[in-house]
Amino acid sequence: MDASDFSGIAAIAFAFLFGLCACGFAVSAVSGFVKSDSIQRSAGAGGIRSRVLLSGFPPLARLSARILGFGRIDGYFEHICQRVSLGGGKCSKEAICSDVLFAMALLLFAGAVFGSLLAGIAFAACLVAGLSGWAVRGIERQREAVREALPEAVRAMGACFHAGFSLRQTFDQLKVELAGPIADLFGRASDAMETGSSAEEAIELIRSSQSVPELSFIAVALEVQHKSGGSMRHVLDAARESLEGELELRRSLKVQTAQARLSAQVVTGVTFALVGLLSLMTEDFLAPFFSSAAGMLMLAAALAMQCAGVMLIRRILKVEVS
């Protein structure tokens, strides 16, 4: 028996053992999800979706906790949880991490079954990159929606101050006049004051609820008006003009960097997807790279250049307007 036969037998044994473990985990997870779903539905809870987002995949809970000890990985799943919360869902980082690990394990197992473990690795990388893109785009859309509504919010605040509204009345009026995420923000501040929170706590809620620096100005204006009660009409008019100019600059930068952002998405996603598909369609597609040390070095160099290109493009596109 030569080395190629031995490696083939080892690969089949590994795939078989991995498949047994994955099937066992899948059966226990599905039975747990179904049982929990029936209990949650009888209690009026969300069912399987809530189980997946809040409890995750229990056999991988300990591994997920260890993985989240790394700062960058923890930030990655923090973004995903933040995106889920924007859609009205509740989740935990540990649950999402275990779900992603389970999905990656299934992709690796599927790749091994179809004769290309490399394809499973490529599709798992696509899964990680796709989740990251989905989370980042959702959070950025939320921030942009808040920024776009800020000039109108400042105008409405000026009208409320001129009419002599109290802070609570100002929150209620802004909740009615505005729309989208910023209306929900003022609605939460109004609800906080209704449930007994102080004005300072409600203003702090506005300041810290969104990762938008411009909201700090809104919070300062509300705090000054609440404490002093003086006229801020001219100050608010100047601030509104400044916010409108900043929004126009952001729109211009977004248009001018659209091609580079598309290039980053193509370089990140399409490359791994093509490697996975070609590995499934063509047997031993990347075998020459693993046949010698020089091939492995070339493959490592290609992956390093791929990662460096993505990081460089993202750094170029990271333009902050201040």
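Everything that follows concerns the structure shown earlier in this document.
Rules and cut-offs
Residues numbered from 1 in each chain as written. Predicted model: local features only at pLDDT ≥ 70, side-chain atom pairs only at ≥ 80, totals over all residues. Heavy atoms only, no water. Salt bridge = Lys/Arg side-chain N within 4 Å of Asp/Glu carboxyl O. Helix = DSSP H or I, 4+ residues; strand = E, 2+ residues; numbered from the N terminus. Buried < 20%, exposed > 50% of the residue type's maximum accessible area, 1.4 Å probe, protein only. Disulfide = S-S within 2.5 Å. Phe/Tyr/Trp six-rings, centres within 6.5 Å; stacked < 30°, edge-to-face > 60°. 1 Å grid on protein atoms, 1.4 Å probe; cavity = no way out; pocket = protein on both sides within 12 Å on 5 of 7 lines; lining within 4 Å. Points joined across faces, edges and corners; volume = space filled by probe spheres on them. Nonpolar A, V, L, I, M, F, W, Y, C, P; charged D, E, K, R; others polar. Axes fitted to C-alpha atoms, helices over the stretch in contact; angles between N-to-C directions. Parallel < 35°, antiparallel > 145°, perpendicular 65-115°, else oblique. Contact = heavy atoms within 4.5 Å. Polar contact = N/O pair within 3.5 Å; in protein donor to acceptor, adjacent residues only side chain to side chain.

**Student:** Would you explain the pattern of salt bridges in this entry?
**Tutor:** Side-chain pairs of opposite charge can arise whenever the charged atoms involved come near each other. Within the structure shown, the criterion is met by nine salt bridges. Residue Glu140 is joined to Arg143 by a salt bridge in which the shortest nitrogen-to-oxygen separation is 3.2 Å. With Glu140 and Arg143 both in helix α6 (residues 117–162) and three residues apart, the pair spans about one turn of that helix. Among the ionic pairs, Asp172 bridges to Arg168, the shortest N-O distance being 3.5 Å. Taken together, the residues Asp172 and Arg168, both in helix α7 (residues 167–177) and four residues apart, mark about one turn of the helix. Overall, the relative accessible area of 25% leaves Asp172 in the partly exposed class. Shared partners join several salt bridges into a network, and the residues in it are Asp74, Glu78 and Lys93.

**Student:** Could you clarify how one ought to interpret the state of the cysteines in this entry?
**Tutor:** Each disulfide consists of a covalent bond between the sulfur atoms of two cysteine residues. Scanning all chains against the criterion turns up zero disulfides. There is no disulfide at Cys91, and the cysteine sulfur nearest it, in Cys81, is 3.3 Å away. Classification of Cys91 by relative accessible area gives partly exposed; the value is 22%.

**Student:** Mind showing me how you'd approach the packing of aromatic side chains here?
**Tutor:** Both the distance between ring centres and the angle between the ring planes are used here to describe each pair of aromatic rings. Considering all chains together, one arrives at three aromatic pairs under this definition. Judged by centre distance (4.2 Å) and plane angle (20°), the rings of Phe57 and Phe102 are stacked. Of the two residues, Phe57 sits in the loop between α2 (48–54) and α3 (61–67) while Phe102 sits in helix α5 (residues 93–113), which places them 45 residues apart along the sequence. Exposure class is identical for Phe57 and Phe102. Each is buried.

**Student:** Looking at this model, I keep getting lost on empty space enclosed by the protein. Mind explaining?
**Tutor:** Leftover empty space is mapped by rolling, across the atoms, a probe with the size of a water molecule. Inspection of the entire model under this criterion finds one cavity of 30 Å³ or more. A volume near 30 Å³ is recorded for the largest cavity. In terms of lining residues, the largest cavity is bounded by Arg147, Leu150, Glu214, Leu243, Glu246, Leu247 and Arg250. Among the elements that make up the lining of the largest cavity, the one with the highest residue count is helix α11 (residues 233–256) (four residues). By residue class, the composition of the lining of the largest cavity is three nonpolar, no polar and four charged.

**Student:** Help me understand the packing of α6 against helix α10 (residues 215–228) in this model?
**Tutor:** Between two packed helices, both the angle of their axes relative to each other and the distance between the axes serve to describe the pair. Look at α6 against α10: their axes get within 10 Å of each other, and the N-to-C directions meet at 10°. Classified by the angle between their axes, α6 and α10 sit roughly parallel to one another. In this structure, α6 contributes Val146, Leu150, Val154, Met157 and Phe161 to the contact, and α10 contributes Leu215, Ile218, Ala221, Leu222 and Gln225. Per-class residue counts for the contact of α6 with α10 are nine nonpolar, one polar and no charged.

**Student:** Looking at this structure, how should I read the side chain of Ser64?
**Tutor:** When you line up the elements, Ser64 lands in helix α3. One polar contact links the side chain of Ser64 to the main-chain amide nitrogen of Ser98, over a distance of 3.2 Å. Apart from the residues within four sequence positions on either side, Ser64 is in contact with Glu94, Cys97, Ser98 and Leu101.

**Student:** Sorry if this is basic, but what is going on with the environment of Ala129 here?
**Tutor:** Take Ala129: it is sitting in helix α6. Its relative accessible area of 29% is what places Ala129 among the partly exposed residues. C-alpha separation for the pair Ala129 and Gln265, spaced 136 residues apart in sequence, amounts to 9.3 Å.

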